[in-house]
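# Reading the structure
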Amino acid sequence: MSESDWLALKVTLELSGVTTLVLLVLGTPLAWWLARSRSRFAVVAESIVALPLVLPPTVLGFYMLVLLGPKGLVGSTLEAMGLHHLAFTFPGLVVASTLYSLPFMTQPLKDAFNAVGNRMIEAAATLRAGPWDRFFTVAVPMARRGFLTAITLTFAHTVGEFGVVLMVGGNIPDQTRVLSIAIYDHAEAMEYASAHILAGGLLAASFLMLVTVYALNRRYMTVHL
Amino acid sequence: MSIEARFKLDFSGFNLDVDLTLPGRGITALFGHSGSGKTTLLRCLAGLERAPDGYLALDGKVWQQGSLFVPTHHRSLGYVFQEASLFPHLNVRRNLEYGMSRIADGARRVSLDSAIELLGIGHLLERMPDRLSGGERSRVAIARALAVSPRILLMDEPLAALDLARKQEILPYLERLHDELEIPVVYVSHSPDEVARLADTMVLMEGGKIVASGPIHEMLTRLDLPLAHGDEAGVVIDTIVGEHDETYHLTRLDFAGGSIIVARQPHALEHRMRLRIHARDVSLALERHVDSSILNILPAKVLEIADETPAHVVVRLNAGGVPLLARITRKSSALLGLKPGMAVFAQVKSVALLE
C-alpha cells in the first residue's frame, strides 16, 4: 500500500469514528424522542431522518456543498465570524457524513427503544427514578443490542461513503481523501492491484464487523430467552 | 390517615369521573368489569395518568391540585403492574435494590430483608427474571414495590396474569402483607373471590364512575347492588380461632355475633381467619332445630327482603352485628311469613375458609 493509501485509510477511520461519535450523541436523544413522541410532527421528523436512505448521495452532497460553501448559509455565517467555510474540509465531511448516516443510527435505536416499552419506564418511575435516571438505567441497558447495531452500521456506512464525500470533500490527501475515493482513483488509473488491496480489505473488514455484531446479538438473545 | 381523590378524564369513548375518600389503612379493592375505569383510576393515583383539574391528597399531603402535579417519581408509592415488569437486565437482588437505593435512608421503614422474607424470595436473589416462574416474578415485583417503603401500595390486578395454582401461591403472601404491614393498599380486581378474600373496603366501579363504596361487609350485603345477587353472593366474616375440639376434630371460630364450627384447623388459638358464607348455603328457620345435622345455627334478625329470581328472594340478616345473606325460595319466605324485624335462625350449611 502506498503512503497516500495509508493516509486515505487514516482519514477514513477518523471520519467514521468522529461521525459515529457525533451521531451517538445527537442520534440517541432523537431516536428516543421518535420512539416515544405521539405528536404528529414526529411523522414528519421521521421522514426527514429517513431521507438519506432514498436520496442519491450526490443530491445530498450537492446541497451540503452549497450550504457549507463560502456562499452558503452555514459557510457564509462562519466566514462572517472570522472562521473558514466548510467546503472541501474535514469538518465539512463530518457534517455531511453525520446527515448522510443519520438513519443508520436512529432507526436501530428507535426500534430498540420501542421494544423497551412504556411499562418498563413507568415501572422505573414508580421506583423513584427521574427521567434521566430512567433513561440511563433502564432504557439504555435494555436497548444495548440496538446500540451495538446502530454503532456498527453507522461506522460501516460512513466508511463506505462515496458520493457525498466526493461532492463535499473533494479529493485532498490527508484531509478529505477517503478509501472509497482512493479505490476509484486506482481503478481510473488502471492500477487494479492497488484497487484490489483496498477493495478486498474493505470487503473483509465490513464482513467481519457484521459477523461480530450478529454473533453478539445472537448471544444476547439466547441470554434473554 | 385517608386518601382523597377527584379525577375527571375524557378519553375518546371513555370517561372517568370519580370523587372518593379512601381509608388510609387496610386493603381497598377497586372492583368492576374490565373497562370500568379501575386501572385508569389507579394510574391517576400514581401520577402515570394526568387528569386535568384533578385533586389528590394523601393524609393531607397534596399530590395534585390545579397546576400542581407531583410527578410519579416524587410520590411515595409502590406500584405493582399486571405483568411483573421486572427489569430484564438486572437480577432479582438488583431489581429489589433499584427502588430502595433511590429513597433517603431516613425514609426506609421496610428493610430489604423483611420484604424478601415476607414474600419468600430469599432463594431467588441471584437469578435473572427470565429464570423465574410467573408466580415468583409476581412475588419479586411486590417485594420490589414494598422495598421503597411506600406510604401507599397500588396494585393493578397483580394476579390476573397467573393461573389458578399460581394465584393460590401468591394469595397467602398478600394476606401476610395485609396483616403485617401498616401500608394502605389500593387493589384493582375483577375477581369477586380475590376481593372477598383480601379487601376491607370496596369501591364498585362501572363505566368510569363509582357506583358505591364502603366496608366490604356492607357492600357485599347491600341488596341494591349486584354483588348481593347471583350464585356467588355471600358475606365475609372476620373471625379468630376460639377453640379446638380434639374429640370430633373441629375448630370453633369466634366473631362478634357468635361462632362458627368448622373442621379442625392447623392454626393456633387467636389466629385470624376470614370466612365466606354464600347466600345459597344459608337456610332460615323460625325455631332452633335441635334435631338437625347442621351445626352452625345463628340467631339473626331479618332486615330486608329483595326479589332475586321469580322463584327466589334474598334476605338480609343481622346476626348479632354481623350481616348475613340467605337465598331462599319465595315459597319458603311466604310459608315462614318473613318480614323485616322478625327473629329467625340462620342455618349455615357450609362455610368457605378464605385462609
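Below is a short write-up of the structure. What you see is a predicted model; the values in this text were computed from it and never measured.

Scoring rules and cut-offs
Residues numbered from 1 in each chain as written. Chains lettered and ligands numbered in written order. Predicted model: local features only at pLDDT ≥ 70, side-chain atom pairs only at ≥ 80, totals over all residues. Heavy atoms only, no water. Core = buried A, V, L, I, M, F, W, Y, C linked by side-chain atoms within 4.5 Å. Buried < 20%, exposed > 50% of the residue type's maximum accessible area, 1.4 Å probe, protein only. Helix = DSSP H or I, 4+ residues; strand = E, 2+ residues; numbered from the N terminus. Contact = heavy atoms within 4.5 Å. Pairing = 2+ DSSP bridges. Salt bridge = Lys/Arg side-chain N within 4 Å of Asp/Glu carboxyl O. Axes fitted to C-alpha atoms, helices over the stretch in contact; angles between N-to-C directions. Parallel < 35°, antiparallel > 145°, perpendicular 65-115°, else oblique. Left-handed = near helix turned anticlockwise from the far one by under 90°. Nonpolar A, V, L, I, M, F, W, Y, C, P; charged D, E, K, R; others polar. Buried area = accessible area lost by both parts, 1.4 Å probe. Polar contact = N/O pair within 3.5 Å; in protein donor to acceptor, adjacent residues only side chain to side chain.

### Here we look at the nonpolar core
Side chains that are nonpolar tend, in soluble globular proteins, to be buried together. A:Phe113, B:Phe7, B:Leu16, B:Phe87 and B:Leu154 are the most contacted members of the largest nonpolar core, which totals 59 residues. Residue contributions to this core peak at 6 residues, all from helix H5 (residues 90-116) of chain A. Residues contacting B:Leu16, with those up to four places away along its chain left out, are B:Phe7, B:Lys8, B:Leu9, B:Gly37, B:Thr40, B:Leu41, B:Cys44, B:Met205 and B:Gly208. If you look at the next biggest cluster of nonpolar residues, it comprises 37 residues, including B:Val80, B:Ile142, B:Val185 and B:Tyr187.

### Some details on the pairing of strand E5 (residues 61-65) of chain B
Residue and element names in this part refer to chain B. The sheet contact formed by strand E4 (residues 55-58) and E5 spans 4 bridges and is antiparallel. Among the inter-strand pairings, Leu-58 is bridged to a residue of E5, identified as Lys-61. Linking E4 back to E5 in an antiparallel pair, the connection comprises 2 residues, with Asp-59 at a positive phi of about 55 degrees. Bridge analysis of E5 against strand E6 (residues 68-69) gives 2 bridges, and the strand direction is antiparallel. Bridge assignment links Gln-64 to a residue of E6, and that residue is Phe-69. Where E5 hands over to E6, the hairpin turn is made up of 2 residues, of which Gly-66 adopts a positive phi near 55 degrees.

### With respect to the pattern of salt bridges
If you walk through the whole model with that rule in mind, you get 23 salt bridges over all chains. Salt-bridge contacts for B:Glu304 lead to B:Arg316; the nearest nitrogen and oxygen are separated by 2.9 Å. Separated by 12 residues along the polypeptide, B:Glu304 in strand E17 (residues 296-307) and B:Arg316 in strand E18 (residues 312-319) bring together distant segments of the chain. Of the residues examined, B:Glu304 reaches a relative accessible area of 30% and is grouped as partly exposed. Salt bridges here are not isolated pairs; linked through shared partners, they connect A:Glu122, B:Arg43 and B:Glu49.

### Quick look at the packing of helix H1 (residues 3-36) of chain A against helix H2 (residues 41-54) of chain A
When two helices pack together, their arrangement is captured by the angle between the axes and the distance separating the axes. Residue and element names in this part refer to chain A. At a closest axis distance of 9 Å, the pairing of H1 and H2 adopts a crossing angle of 135 degrees. Taken together, the axes of H1 and H2 lie oblique to each other. Here H1 and H2 pass one another in a crossing that is left-handed. Residues Leu-30, Trp-33 and Leu-34 of H1 pack against Phe-41, Ala-42, Ala-45, Glu-46 and Val-49 of H2. Classifying every residue of the contact of H1 with H2 by side-chain character gives 7 nonpolar, no polar and 1 charged.

### Structural notes on the interface of chain B and chain A
Put simply, an interface is often sized by how much accessible area is lost when its parts join up. At the junction of the two partners, chain B supplies 23 residues and chain A supplies 22 residues. Both sides together, the interface formed by chain B and chain A hides about 2000 Å², and carbon and sulfur atoms give 60% of it. There are 3 salt bridges connecting chain B and chain A. Taken together, the connections running from chain B to chain A amount to 7 residue pairs in polar contact (both at pLDDT 80 or more). Breaking the side of chain B that touches chain A down by element, the ones donating at least two residues are strand E7 (77-80) and helix H2 (92-100) of chain B.

### Quick notes on the sheet that holds strand E14 (residues 258-263) of chain B
Residue and element names in this part refer to chain B. The antiparallel open sheet is built from 5 strands, whose spatial order is E14-E13-E12-E15-E21. Two strands close off the open sheet at either side, each with one partner strand: E14 and strand E21 (352-353). Here 6 bridges tie strand E13 (residues 250-255) to E14, and the two strands are oriented antiparallel to one another. Bridging across to E14, Arg-252 finds its partner in Ile-261.

Distances and angles like these do not, on their own, reveal function.
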